[in-house]
Amino acid sequence: MSDPIHIARDHILAPVGLEERDIDRLLGQLSAPGIDAADVYFQSSRLQSWVLEDGIIKEGNFNIEQGAGMRAVSGEKTGFAYSDDLQFPALLAAAQAARAIARGGSEGRVKVSEALSLRRLYQPLNPVESLSDADKVALLARVDAEARRQDPRIKQVITSLVAVHDVVLIAASDGRLSADVRPLVRLNVSVIAEDGDRREQGSSGGGARDALIYFLHEDRALDFAREAARLALTNLEASEAPAGTMTVVLGPGWPGVLLHEAVGHGLEGDFNRKGTSAFAGRLGQRVAAPGVTVVDDGTLPGRRGSLNLDDEGTPTQTTVLIEDGILRGYMQDKLNARLMGVAPTGNGRRESYAHLPMPRMTNTYMLAGDRDPQEIIASVDKGLYAVNFGGGQVDITSGKFVFSASEAYLIENGRIGRPVKGATLIGNGPDVLTRVSMIGNDLALDEGVGTCGKEGQSVPVGVGQPTLRVEGLTVGGTGA
Amino acid sequence: MTESAPDDTAERLARLEQIVADLLAEAKQRGATAAEAAASSDAGLEASVRLGEVETVEHTRNNGLGITVYFGNRKGSASTSDLSPAAVRDTVAAACTIATHTQEDPCAGLAPPERMAECIPDLDLYHPWGISVEDAIALAIECEDAARDADPRIVNSEGATVSTHAGIHVYGNSHGFVGGYPSSRHGLSCAVVGQEGESMQRDYWWSSARSPADLDPAAEVGRRAGERTVARLGARRLSTRQVPVLFAPQLAAGLLRSLTSAISGASLYRRASFLLDRLGERLFPEFVRIHEEPHLPRGLGSAPFDGDGVATAAKDLVSAGVLRTYLLDAYSACRLGMETTGNAGGVRNLRVQMGPLDRAGMLAALGTGLFVTELMGHGTNPVTGDYSRGAAGFWVDDGQLQYPVEEITIAGNLKEMYAGLLAVGNDYDFPGSTQTGSWLIERMTIAGE
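(A) Focus on the overall build of chain A. When its secondary structure is counted, chain A shows 10 helices and 23 strands. Relative to the compact-globule value of 23 Å for 480 residues, chain A shows a C-alpha radius of gyration of 24 Å, a close match. Projecting the C-alpha coordinates of chain A onto the three principal axes gives extents of approximately 75 × 55 × 35 Å. By the burial criterion, 65% of the 480 residues in chain A qualify as buried. Surface accessibility of chain A: about 16,100 Å² in total, with carbon and sulfur atoms responsible for 48%. Between the averaged position of the 49 positive side-chain charges in chain A and that of its 62 negative side-chain charges there is a distance of 3 Å.

(B) Local environment of the overall build of chain B. Counting its secondary structure elements, chain B contains nine helices and 17 strands. By the burial criterion, 60% of the 449 residues in chain B qualify as buried. Excluding contacts between residues fewer than 6 apart, the proportion of contacts in chain B whose partners are at least 24 apart in sequence is 72%.

(C) Just the interface of chain B and chain A, in detail. Between chain B and chain A, the residue contacts involve 73 residues of the former and 73 residues of the latter. Here chain B packs against chain A, burying approximately 5,600 Å² in sum over the two surfaces, 49% of which is carbon and sulfur. Linking chain B with chain A are 11 salt bridges. A:Lys274 is the salt-bridge partner of B:Glu55, the closest N and O atoms lying 3.3 Å from each other. Between chain B and chain A we count 38 residue pairs in polar contact (both at pLDDT 80 or more) in total. No other element matches strand S2 (residues 53-71) of chain B, which puts 11 residues into the side of chain B that touches chain A. The pairing of strand S3 (residues 77-83) of chain A with S2(B) spans four bridges and is parallel. In the strand pairing of S2(B), A:Gly79 is matched with B:Val57.

(D) Just the side chain of B:Thr9, in detail. Residue and element names in this part refer to chain B. Mapping Thr9 onto the fold places it in helix H1 (residues 9-29). Relative accessible area serves as the criterion here: at 9%, Thr9 is assigned to the buried category. Not counting residues within four places of it along the chain, the set of residues in contact with Thr9 comprises Tyr126, Ile168 and Pro182.

(E) Here's a closer look at the sheet that holds strand S10 (residues 322-323) of chain B. All names here are of chain B. Pairing in this open sheet of five strands is mixed, and the strands run S10-S9-S8-S11-S16 from one edge to the other. This sheet does not close on itself; its edge strands, each paired only once, are S10 and strand S16 (434-435). Both strand S8 (residues 290-292) and strand S9 (residues 315-319) contribute to a ladder of three bridges, which runs antiparallel. In the strand pairing of S9, Ile290 is matched with Val318.

(F) Spatial organisation of the state of the cysteines. Residues and elements named next belong to chain B. Under the criterion given, the structure shown has one disulfide over all chains. The disulfide bridge from Cys107 ends at Cys334, spanning 2.0 Å between sulfur atoms. Taking the sign of the S-S torsion, -75° for the link of Cys107 and Cys334, the bridge is left-handed. Here Cys107 is found in the loop between helix H2 (85-99) and helix H3 (133-148), whereas its partner Cys334 is found in helix H7 (residues 330-336), with 227 residues between them in sequence. Accessibility expressed as a relative area gives 37% for Cys334, which makes it partly exposed.

(G) How the structure looks around the nonpolar core. Grouped together as the largest cluster of nonpolar side chains are 66 residues, with contacts concentrated most on A:Ile23, A:Leu26, A:Leu30, A:Phe42, A:Met70 and A:Leu169. The greatest single-element share of this core, amounting to seven residues, is contributed by helix H3 (residues 88-98) of chain A. Not counting residues within four places of it along the chain, the set of residues in contact with A:Ile23 comprises A:Leu13, A:Phe42, A:Val112, A:Leu169, A:Ala171 and A:Leu177. With 60 residues, the next largest nonpolar core counts A:Leu140, A:Leu187, A:Leu233 and B:Cys96 among its residues.

(H) Region of the structure containing the packing of aromatic side chains. As enumerated under the stated definition, the model contains 19 aromatic pairs over all chains in all. Where A:Phe389 meets A:Phe403, the ring centres are 4.5 Å apart and the plane angle is 20°; that geometry is what we call stacked. Highlighted residues: A:Phe389 in strand S15 (residues 382-394) and A:Phe403 in strand S16 (residues 400-412), separated in sequence by 14 residues. The structure contains a cluster of three or more aromatic residues connected by ring pairs, namely B:Tyr171, B:Phe177, B:Tyr181 and B:Phe305.

(I) Local environment of the packing of H1(B) against H2(B). All names here are of chain B. Between H1 and H2, the least distance of the axes is 9 Å, while the angle of their chain directions is 45°. Put simply, H1 runs oblique to H2. Crossing handedness for the pair H1 and H2: right-handed. Across the interface between the two elements, Ile19, Asp22, Leu23, Glu26 and Ala27 of H1 pack against Val88, Arg89 and Val92 of H2. Looking at the contact of H1 with H2 residue by residue, the class counts come to five nonpolar, no polar and three charged.

(J) View of the pattern of salt bridges. Under the definition given, this model contains 63 salt bridges over all chains. We note a salt bridge from A:Lys111 to A:Asp24, for which the minimum N-O separation is 3.5 Å. One end of the pair, A:Lys111, is in the loop between H3 and strand S4 (113-114); the other, A:Asp24, is in helix H2 (residues 20-30), and 87 residues separate them in sequence. We classify A:Asp24 as buried; its relative accessible area is 12%. In this structure, A:Asp39 and A:Arg71 form a salt bridge, with 2.8 Å as the shortest nitrogen-oxygen distance. Here A:Arg71 lies in strand S2 (residues 56-74) and A:Asp39 lies in strand S1 (residues 37-53), a separation of 32 residues in the sequence. Under the relative-accessibility criterion, A:Asp39 is labelled buried at 3%. Several salt bridges converge on common partners, so that one network encompasses A:Glu53, A:Asp54, A:Lys58, B:Arg270 and B:Arg335.

(K) Geometry of the domain arrangement of chain B. Residues and elements named next belong to chain B. According to the domain assignment, chain B consists of domain 1 (9-231) and domain 2 (235-449). With centres defined by C-alpha atoms, the gap from domain 1 to domain 2 works out at 25 Å. Tallying the contact residues gives 34 residues for domain 1 and 32 residues for domain 2. When the area that domain 1 buries against domain 2 is broken down by residue, the three leading residues are Cys107, Arg115 and Leu123, summing to 24%. Seen at the junction of domain 1 and domain 2, the total is four salt bridges. For the salt bridge of Arg115 with Glu339, the shortest nitrogen-to-oxygen distance reads 3.6 Å.

(L) The arrangement of unusual backbone geometry in detail. Phi is positive for A:Asp219, close to 60°, though the residue is something other than glycine. Among the secondary structure elements, A:Asp219 is positioned in the loop between strand S7 (198-208) and helix H5 (220-236).

(M) Broad picture of the packing of H2(A) against H3(A). Residues and elements named next belong to chain A. The geometry of H2 relative to H3 is characterised by a closest axis approach of 8 Å and an angle of 20° between their N-to-C directions. In terms of orientation, H2 lies roughly parallel with respect to H3. In this structure, the crossing between H2 and H3 has a hand that is right-handed. Facing H2, whose interface residues are Asp22, Arg25, Leu26, Gln29 and Leu30, H3 presents Phe88, Leu91, Leu92, Ala95, Gln96 and Ala98. Residue composition of the contact of H2 with H3, grouped by class: seven nonpolar, two polar and two charged.

(N) The arrangement of the environment of B:Ala35 in detail. Residues and elements named next belong to chain B. Tracing the sequence through the fold places Ala35 in strand S1 (residues 34-50). When the C-alpha atoms of Ala35 and Asn63 are compared, they prove to be 20 Å apart, with 28 residues separating the residues in sequence. The contacts of Ala35, once residues within four sequence positions are left out, are Leu24, Ala27, Ile67, Thr68, Val69, Tyr70, Leu110, Asn173 and Ser174.

(O) Fine view of the environment of B:Leu366. Residues and elements named next belong to chain B. Mapped onto the fold, Leu366 is located in helix H8 (residues 359-366). Overall, Leu366 belongs to the buried group, its relative accessible area being 4%. Between the C-alpha atom of Leu366 and that of Leu246, which follows or precedes it by 120 residues, the distance is 6.7 Å. Sequence-distant contacts of Leu366, that is, excluding residues within four places in its chain, are made with Pro244, Val245, Leu246, Phe371, Val396 and Leu440.

(P) Representation of helix H6 (residues 257-264) of chain A in the model. By the criterion of burial, H6(A) is predominantly enclosed, with eight of the eight residues buried. Where H6(A) is concerned, the buried positions are A:Val257, A:Leu258, A:Leu259, A:His260, A:Glu261, A:Ala262, A:Val263 and A:Gly264.

(Q) Representation of the environment of A:Met366. Residue and element names in this part refer to chain A. Mapped onto the elements of the fold, Met366 is located in strand S14 (residues 363-366). Overall, the relative accessible area of 0% leaves Met366 in the buried class. A C-alpha to C-alpha distance of 22 Å links Met366 and Gly383, two positions 17 residues apart in sequence.

Cut-offs and rules
- Throughout, a residue's number is its position along its own chain's written sequence, starting from 1.
- Each chain gets a letter, beginning with A, and each ligand a number, beginning with 1, in the order they are written.
- Totals for whole chains, interfaces and linings use all residues, but because this is a predicted model, local features are given only for residues with pLDDT of at least 70 and pairs of side-chain atoms are given and counted only at 80 or more.
- With hydrogens and water set aside, each side-chain value is computed from the structure's full complement of heavy atoms.
- Strands here are runs of E lasting at least two residues and helices are runs of H or I lasting at least four, both read from the DSSP assignment and numbered beginning at the N terminus.
- The reference for a compact globule is 2.2 Å times residues^0.38; the radius of gyration itself is calculated from the C-alpha atoms.
- Classification of residues uses two cut-offs on accessible area relative to the type maximum, computed with a 1.4 Å probe and protein chains only: under 20% is buried, over 50% is exposed, and between them is partly exposed.
- Residue burial considers only the protein chains on display, and all accessible areas are found by Shrake-Rupley using a 1.4 Å probe.
- Charge assignment in this entry is limited to Lys and Arg as positive and Asp and Glu as negative, and neither His nor the chain termini are counted.
- Throughout, a charge is located at the NZ atom of Lys, the CZ atom of Arg, the CG atom of Asp or the CD atom of Glu.
- Any pair of residues with heavy atoms lying within 4.5 Å of one another is described as a contacting pair.
- As a working definition, buried area equals the accessible area (1.4 Å probe) given up by two parts on being put together, with both sides summed.
- Each reported salt bridge corresponds to a side-chain nitrogen of Lys or Arg within 4 Å of a carboxyl oxygen of Asp or Glu.
- A 3.5 Å cut-off defines polar contacts: any pair of N or O atoms within that distance qualifies, except that in protein one atom must be a possible hydrogen donor and the other a possible acceptor, and neighbouring residues in sequence count only when both atoms are side-chain atoms.
- When DSSP locates at least two bridges between a pair of strands, those strands are taken to pair.
- The disulfide definition used here is simple: a pair of cysteine sulfur atoms within 2.5 Å.
- By nonpolar core we mean a set of buried residues, namely Ala, Val, Leu, Ile, Met, Phe, Trp, Tyr and Cys, connected to one another through side-chain atoms within 4.5 Å.
- In this analysis, rings of Phe, Tyr and Trp, with Trp reduced to its six-membered ring, are considered paired at centre separations within 6.5 Å, and the interplanar angle assigns stacked below 30 degrees, edge-to-face beyond 60, and tilted for intermediate values.
- Note on geometry: axes are C-alpha line fits, over the in-contact stretch for helices, and angles between N-to-C directions span 0 to 180 degrees.
- Any angle that is under 35 degrees is reported as roughly parallel, and any over 145 degrees as roughly antiparallel; angles of 65 to 115 degrees are reported as roughly perpendicular and all others as oblique.
- Should the near helix be turned anticlockwise from the far one by less than a right angle, the crossing is termed left-handed; should it be turned clockwise, right-handed.
- Residue classes follow a fixed rule: Ala, Val, Leu, Ile, Met, Phe, Trp, Tyr, Cys and Pro count as nonpolar, while Asp, Glu, Lys and Arg count as charged, and any other residue, Gly among them, counts as polar.
- Residue ranges assigned to each domain were obtained from an automatic or database domain assignment.

Written out as structure tokens, the structure is:
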């Protein structure tokens, strides 16, 4: 029973008495003449969350979502409908609505068969049931105590734990029937430190495609508590960030959100097919300094952004986006790959059955260089050392991107100096990586906290990078 | 689903009311001392075109129900997209299981019974649009065509979308309160790409309304998207400096969101607000009045009762520059030792009293400085009010637009920005639940070249 396709049948099809021939009929309905491709995406998702605040377990929530999305594609046209009722008549009505973009009343014929997948980037387990409820709330209580223990100035602590059991079954008009069971867990700690009139926040957390035991390994959860407290306390001491263009050293790991915003979105296939990305038509050109290699890799075991197969049933892969500074490839879903005459790259993702898939990132990171991070910091006379970030945003057409630091220090004469308040950094995507002048040997991936939004759809992603020295980034502080 | 079907609204409302009643009965059966439940159902159509051709046609249909049970001062919640009787039972059971692990919270519970909305005024929120797929596509094409025709430098398009959604929401609780009403929302939007030399820019415009009759003409929405896009071409950077800044009305609404978030109960009792203990104090100059009007007919933010079942009511958040109220739900009110303000779920239809100056007058008042028309990123710190965001807009000299600017940041602190608000224009120009003109802020730091 540990095979995803059996779990999916058991979870989704069996309770409503759906059989394979019903799926064949749905695909037949969708595959009218003139339809190039069609798929049916079944999903059953269970989410449980707990919140500890003021030292007590205050809230818990359990959510069940299930349904099926029907898509019919003809050239550049897509018809889409979905149903949260999995009874066959409701599904058939959705299929008929979706395929209405093509004229004509006759049906196509599709016979699905199971696509074999031996991939196990994560176990097909149910993380909601991977720990007893009593143990979950006990874990949060320990995290809360650990954060408060750090310093009497830590006044508020909110910790949360989320576990998601997501089962998908994808039937495509090419006859492939594939399934994936996707566990996802997340723990977050957010604190407020107070010192006289000053208050600052700090937050930390992590997650993975794993059981909840993940947070108990190596004291991971307690590390998040200590890190959140450290950040808030550090920010209590922070003074005004500088304003202007300067050399910036970005720390390893989560600062890789730079890559996600500055180049990642601009290299998604849809924007490049349409020619609306600042990177459109630039394959083979230099877009980064020599030594810069950036990949999108959905195949890292257990990572938040990883998938055995994407939401169109395509196995994920390692896609080289930039190789030694040269633009090599885009991230594709099936529709955009077909229209651009290339192969899909396993980047077709959707928030749920109620959303259309589109090219999305998985885990996006820059490979390590050979510099000692200490040497990189020592090389800067005057600049900014930014090690933690909040979110970012990009305008893929103009190429302008921002990302906001939540922990940063001045660098003076090659040494890390006083902490400065969070500031937004702004730059130009096609140009910023050409200004990378040193690449550290300390590649790290983030702790598993990333969520990416595009056209109203959120999906979990990962980022990573080694320590980087970047020349001439604009830092949006208020200080001199 | 959007063809002119017979109106079965009353039937569907009754069905959702029955689901809410079933949820509450099931909770009582399982020993809950109190409970609250909600159910909703909506359907819609979104048609998108790009470069004159259909791109996507989406039929949307969303159902949901949720229950929160209280066992004394312990609570548990559960929700699902499945409205079947079996789902009702399973969902209540799941919420009750959760409640066996949560702990006593003296403030957990329903709002006081005497605060429940007594009558549900008809706010004229339901105007379903029986537009066919073909007509929606034609309208989207009209919108996009107008954008592409606005200027020869418009070379590409992200497309135009026509959307229509209509649904019903019902909330009830074990005080015996049940309230439900249908509502609709329709939209038109367009985004195009302009090019000049090597530089590409995109911009958009939209219209949104409860009734299709209140949508702006498609060609008008498209033309504005096109004009906004070409106005950005040839943008330059600025050097680092301190200048006065004029926020376009839709961005001023964002400064207002930072205010409403900072005076919301959840931020205050967590001490996660830059406006702690400021009730009754002056935040803005004396001319500033900010008013909430939740019963505005056809208002995009209108609602007859809040997320606790408490009647919503019009009030000043700020008058004569002074903060007059927090925005509280039942829980945060209890935590702060105050009374709910009927703001469970947020604030509904804000109105900032507009001043005498139109856009030209506001630019003249700005004199030499930055007119911001777009902001990027999340650089607002809700605890300290520190503000640092990516910006694009226009450099203004002597009240005249000089050239577009981009790839700069603007920074300050929201407390100082509010206190340094010099004028609010009467140039309100965007659809949404917040109505404000542009805001002229005395001084901010621009970081650039």
